[in-house]
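# Survey of secondary and tertiary structure
Chain by chain, the residues:
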Amino acid sequence: MSTYCEVVVNRPIMRHGVRPGTDSSEERDGQPVSPTGLAEVTPIGVTFSYAIPEDLRHRVALGQLVEVPFRSSTLQGVIIGLSDTPAADVDIRPLTSILDPTPVLTPLQGRLARWLSARYLAHLSSCVWLFLPPGARRHPQAVVEAVSDRRPPPGLDARAQALLLYLQGRESPTPAQDLEAEPLKILSDLQLVRTWQQLAPPRIGPRVDRTVELSATPEEVTAVLPTLGRASKQAEVLLYLASQADPLPLLDEVLAAVGCSQGPVHALARRGWVRLTPQRALVATPLSQPAIESAMAHLSKAPAQRAALAFFREQAGPVEASQLDASSATLAALEAKGYLQRWAEPQSITLTLDSHEVLDKVLELRGTTRHAAVLDVLAHEEGRVWVGWVYAQTNATLDTLRALASARLIALDEARRWRDPLADDQSFVLEYPPRLTPEQAAVWELIQQRGRQTGTQPAGLRMPKPASPAFLLHGVTGSGKTEIYLRAIADALLRGQGAMILVPEIALAAQTVRRVVARFPGKVAVWHSQLSLGERYDTWQRVRTGELPVVVGARSALFAPVPNLGLIVVDEEHEPAYKQAGSPRYHAREVALQLGRLTGATVILGSATPDVDTFRRAERGELTRLTLPKRVLAHRKHLAIQARAAKSRLPWPVARPLDHLPRRPRQAGFDNLRTLPLPPVEVVDLREELKAGNRSIFSRSLQRAIRAALDADQQIILFLNRRGAATFVLCRDCGHVLQCSRCEMPLTFHAGEDTLVCHHCNRRQPNPDRCPVCQSNRIRYFGLGTERVEAVVSEMFPDARPLRWDLDTTRTRGSHAAFLQHFVEGRANVLVGTQMIAKGLDLPRVTLVGVVSADTALYLPDFRAAERTFQLLMQVAGRAGRSPLGGRVILQTYNPDLPIIRAAAAHDYDTFYRHELAARRENRYPPFKRLARLVFTGSGSQRAQREAMGMVKVLRTLVARQGQPGVEIIGPAPCFYPKLRGQHRWHILIRADKPEAVLRPITLPLGWRADIDPLDLL
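Remember, predicted model here, so these are calculated numbers, not experimental data.

On to the overall build of the protein chain, then. Counting its regular elements, the protein chain contains 31 helices and 42 strands. Look at the contacts in the protein chain between residues 6 or more apart in sequence, and 76% of them connect residues 24 or more apart. Put simply, the protein chain shows about 46900 Å² of open surface, and 50% of that area lies on carbon and sulfur atoms.

Laid out in structure tokens, this is it:
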């Protein structure tokens, strides 16, 4: 049984501003330890040791969420290590509590988090929290509670008094941030409230359907209800008085029976609910009337005594001494002679409330008015009632219902209900596996062999190690890569393993999910950022339990808790969307490969245009390259499209049978196989179009092709990787270009909103009628964007039904799936969009793809600009001709002779790769060297330059001390976007075999960030 635990706290802890070679100690709570367990402080991997209290030792486990003290506050943490000895000889504080007994982090995930931290120089805390349940992060907050045994002083401020009454009525502490500061300070100074730190509640939890039903008789309700709620001596006094037959009980008897002081009684008296009778001195005579007359005769010489005794000739009972006009001496003389008797009567109390009012006041004092309201509502209902209805009628809370259930007055039924993003989607149709082509069969055989080697093996059986830990599936668009993925998933499920499929964009998730769910109904989880927090939380829970063994989603799906992971697919592995922009700045492809190494899972990287780095790895044997060089059709649904193609007599190539395949018996869900050639690409020189007098954004060839496709009731994609209607706005008189004041970049004109928008910080401003510099009205719009393309299509082709699909039109949740469904169902026949429409969409009715401008990003100052352009052109060209209708691509450019344009037109990846690899080798760019990029962001251009120059000196000194060969420091220089969101930017490049090792000894000062293996240098 371990006595100490190693905890990663929910706060990045590091030493700020530490330079190489300096000695600085971290102020710490607990003892920081390294990932190896040694007592040393690392800049990014600081953890802390805590003692495990005796009462928690039998319940503590690795991966649990815990609450720990930290300095003067409290933090949430995750246990990532257990030991019997402390990390160092220091005072170690005990952890406070276990927040969740079920571990949320597996040991394997802990290893992957450490790898992420070391590889990408990210805080270990940030890496660990990638794996935790959505909404689990809890931050400390100040909470306030009223002090029950203190009375407010007279003349208390009205707002403070109102706040105190509010806090006294609360059943739980209240966050200080929700209260008004000034009245709270008054109450705190008077010590009427107490404040302390505690963890905020989780942002999300299980969704439970609750119903309630009255389960007690009226007699039981009457007996139990007054005992509920908070303790109240005033309520006990009222209940005691109501139960007594004596209408005037003595106060001392009541206080003794209830066990309280006179304070609660006086409080009730001030409310007017009881009346106190003060203590009285009573006098009476024991004499009869004749005896009184006889005694008076003997008192003839004592007139005062005679007068006092005469009072009782007409008063039969005792009277108060104050009613007698006699002195104490006179009364004492009469008492001595036996003529009078004197005694003191104790103080008494009287209930002034009617019997039916007592219960209401007791409920008010105990704070159980809502409890009574709930019981009253349920008494008029038959059977179970939804709690939402009860809440609406009574303002009750869940705590109210649980208190009544604990008292057995109601039956509270709670049933867990999953928030399933796929529950309402009825578009999934069960799909059967088609036959494989010979190329697919060969690829599948190799992958299946790898799966057998990594699957569950009998004890003592050792399978041969595979030739490579992962595959590069290089297949042209439409070659059937997805079918290989689906078979690999089925194979993993048969072995009792889980699977992941990553897609680069949410836009692709809908179509991919549809295909996977059609093959594996009831076993698929969808995972991306546009799900609600509750949907992500429930999906995480269902994946962890193995209920949903297949996860389809964006890059964050890598951190889903899939048990016994057997397959990882990274589709379109070349996409830059797999790179995380914020810390940790990981690349999903690299994380997938590392996760495959840790779990032994099969990893498949699929692409029609592989990343140059990935293809180079396959050449070196680090990945096993598999190729699918032909397009395939294997679904019966395309036969109707083929029949329409024959009628349209389009001059484009159509499908042909694979006659060389052996004949097989016809089976359900299997069709005769067809192949399609890749669509021909026509390159149009826009310079020649201008010479011919065509100033339209569409070349003459593209206009004719659009007209022909529309006449044949076909669909068209028009691609331009730029949003808006005009990329900059210029004054023709003075040349002023309207810029964003925060980014110093040209503003983009959006005609639909008549607004200028900065595409870097989303700053918006009205479109001016006059130049802000010279007041000229000669404002002109230059450049081209998707908004203008859509407008020109509507103008030139009135029968077109265009749909624009870009970031501006898909900001709302579910918009991607809605746009895709809209286009698939034929309600739009022209799809205008940016790069999100170029990625993996399977649209069989699209026969024409027009690239409006192939030069958009070609000349950016980034070594990957050519590769990105080639990949986009190849990918968008692949959207055409995916059915028997065939298709064509028209590519418009001002540079038709560039090698990447010619390679894209020929669908020739190998030629592009050889040309690009030679350029990378010459300039020592990846894959021949790796890069790290340091970026400083801060206010003031001179400050940014000084910081960058100082950091270069530090880096050069560090490299000289390390003595690492082949390390190059490039820069500093202003970034391509030198100012964004009001902050100036400078950057430095480190070129080395292992740049993270070069930077690991440095803790970057505030304002700096490190990006290992950056995807762009802009």
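The strand order across the open sheet formed by 4 strands is β40-β41-β39-β42, and the pairing between neighbours is antiparallel. Each end of this open sheet is capped by a strand with a single partner; those strands are β40 (968-980) and β42 (1008-1012). Between one strand axis and the next, the sheet turns by 20° as a mean value, whatever way the strands run. Relative to strand β41 (residues 983-992), β40 runs antiparallel, the two being bridged by 7 bridges. Following the sheet pairing, Ile 969 is matched in β41 by Ile 990. Sitting on the sheet, helix α30 (residues 941-962) touches β39 (930-938), β40, β41 and β42, and the angle it makes with β41 is about 15°.

Here we come to the packing of helix α3 (residues 158-168) against helix α4 (residues 181-189). Each pair of packed helices gets described by two things: the angle between the helix axes and the distance between those axes. Across the interface, α3 lies against α4 with an axial gap of 9 Å and an inter-helix angle of 80°. One finds that α3 runs roughly perpendicular with respect to α4. When α3 is examined against α4, the residues Arg 159, Ala 160, Leu 163, Leu 164 and Leu 167 are found in contact with a partner set consisting of Glu 182, Pro 183, Leu 184, Ile 186 and Leu 187. By residue class, the composition of the contact of α3 with α4 is 8 nonpolar, no polar and 2 charged.

Following the criterion strictly, the structure yields 6 cavities of 30 Å³ or more and no others. Counted as a void, the largest cavity has a volume near 90 Å³. Together, Phe 719, Asn 721, Ser 853, Ala 854, Thr 856, Ala 857, Arg 868, Thr 869, Leu 872 and Leu 873 line the largest cavity. The element best represented in the lining of the largest cavity is helix α27 (residues 865-877), accounting for 4 residues.

Right, let's get into the pattern of salt bridges. Per the stated rule, a full pass over the model turns up 45 salt bridges. Note that Arg 920 is salt-bridged to Glu 867, the shortest N-O span being 2.6 Å. Note that Arg 920 is positioned in helix α29 (residues 909-923) and Glu 867 in helix α27, a separation of 53 residues in sequence. Residue Glu 867 is classed as buried on the basis of its relative accessible area, which comes to 0%. Notably, a salt bridge pairs Arg 930 with Asp 1013, separated by 3.0 Å at the nearest N-O pair. Of this pair, Arg 930 sits in strand β39 while Asp 1013 is found in the segment after β42, placing the two residues 83 residues apart along the sequence. We classify Arg 930 as buried; its relative accessible area is 19%.

Here we take up unusual backbone geometry. Of all residues except glycine, most have a negative phi; of all peptide bonds, most are trans. A cis amide bond links Ser 583 with the next residue in sequence, Pro 584, at an omega value of -5°. Note on placement: Pro 584 falls in the loop between β22 (565-571) and α20 (588-599). Across the junction of Pro 926 and Pro 927, the peptide omega takes the value 15°, indicating a cis bond. Mapped onto the elements of the fold, Pro 927 is located in the loop between α29 and β39. Despite not being glycine, Arg 71 has its phi angle at roughly 55°, a positive value. Looking at the secondary structure, you find Arg 71 in the loop between β4 (65-70) and β5 (73-83). Even without being glycine, Leu 121 reaches a positive phi, approximately 50°. Looking at the element boundaries, Leu 121 is found in the loop between α1 (107-120) and α2 (124-128). Relative accessible area serves as the criterion here: at 19%, Leu 121 is assigned to the buried category.

Attention now goes to the packing of aromatic side chains. This model, assessed by the stated rule, comprises 14 aromatic pairs. Centre to centre, the rings of Phe 131 and Phe 559 are 5.1 Å apart; their planes meet at 85°, and the pair counts as edge-to-face. Here Phe 559 lies in the loop between β21 (550-553) and β22 and Phe 131 lies in the loop between α2 and β7 (140-146), a separation of 428 residues in the sequence. Here Phe 131 matches Phe 559 in class, with each residue buried.

Next up on the list: the environment of Leu 287. Summarising the element assignment, Leu 287 is placed in the loop between β12 (280-284) and α9 (289-298). For the pair Leu 287 and Leu 309, spaced 22 residues apart in sequence, the C-alpha separation works out to 9.9 Å. Ignoring any residue separated from it by four or fewer positions in sequence, one finds Leu 287 in contact with Ile 292, Ala 295, Gly 338 and Tyr 339.

This next bit is on α27. Over its 13 residues, α27 runs 18 Å from end to end, which matches the ideal 18 Å to within 8%, given 1.5 Å per residue. Counting buried residues in α27 gives 12 out of 13 residues, a clear majority hidden from the surface. Of the residues making up α27, those classed as buried are Ala 865, Glu 867, Arg 868, Thr 869, Phe 870, Gln 871, Leu 872, Leu 873, Met 874, Gln 875, Val 876 and Ala 877.

Before going further, it helps to spend a moment on the sheet that holds β7. In a beta sheet, neighbouring strands pair by backbone hydrogen bonds and run either parallel or antiparallel. A sheet is described by the order of its strands in space; here 3 strands give the open sequence β8-β7-β9, paired in antiparallel fashion. Sheet topology places β8 (174-175) and β9 (193-199) at the edges, where each strand pairs with a single neighbour. Where β7 meets β8, 2 bridges bridge the pair, whose relative direction is antiparallel. Of the residues in β8, the one forming a bridge with Val 143 is Pro 175. Taken strand by strand, α3 contacts β7, β8 and β9, and its axis lies near 95° from that of β7.

Relative to the assigned elements, Ala 838 resides in the loop between β36 (830-833) and β37 (846-851). A sequence separation of 38 residues divides Ala 838 from Val 876, and the C-alpha atoms of the two residues are 4.3 Å apart. In this view, Ala 838 contacts Phe 719, Leu 872, Gln 875, Val 876 and Arg 879; residues no more than four positions away in its chain are not counted.

A few words now on helix α8 (residues 262-271). Residues of α8 that are buried include every one of Pro 264, Val 265, Ala 267 and Leu 268, and no others. On an axial view of α8, the arc spanned by its buried residues comes to 160°, and they lie on one face. Looking at the buried side of α8, the elements it contacts are α6 (233-243), α7 (251-258), β11 (274-277), β15 (348-351) and α12 (355-366). Phi turns positive one or two residues past the end of α8, at Gly 272, with a value near 85°.

Calculation rules
Residues numbered from 1 in each chain as written. Predicted model: local features only at pLDDT ≥ 70, side-chain atom pairs only at ≥ 80, totals over all residues. Heavy atoms only, no water. Helix = DSSP H or I, 4+ residues; strand = E, 2+ residues; numbered from the N terminus. Contact = heavy atoms within 4.5 Å. Areas by Shrake-Rupley, 256 points an atom, 1.4 Å probe, with all protein chains shown as cover. Pairing = 2+ DSSP bridges. Axes fitted to C-alpha atoms, helices over the stretch in contact; angles between N-to-C directions. Parallel < 35°, antiparallel > 145°, perpendicular 65-115°, else oblique. Nonpolar A, V, L, I, M, F, W, Y, C, P; charged D, E, K, R; others polar. 1 Å grid on protein atoms, 1.4 Å probe; cavity = no way out; pocket = protein on both sides within 12 Å on 5 of 7 lines; lining within 4 Å. Points joined across faces, edges and corners; volume = space filled by probe spheres on them. Salt bridge = Lys/Arg side-chain N within 4 Å of Asp/Glu carboxyl O. Buried < 20%, exposed > 50% of the residue type's maximum accessible area, 1.4 Å probe, protein only. Phe/Tyr/Trp six-rings, centres within 6.5 Å; stacked < 30°, edge-to-face > 60°. Expected span 1.5 Å × (residues − 1). Arc of directions from axis to C-beta.

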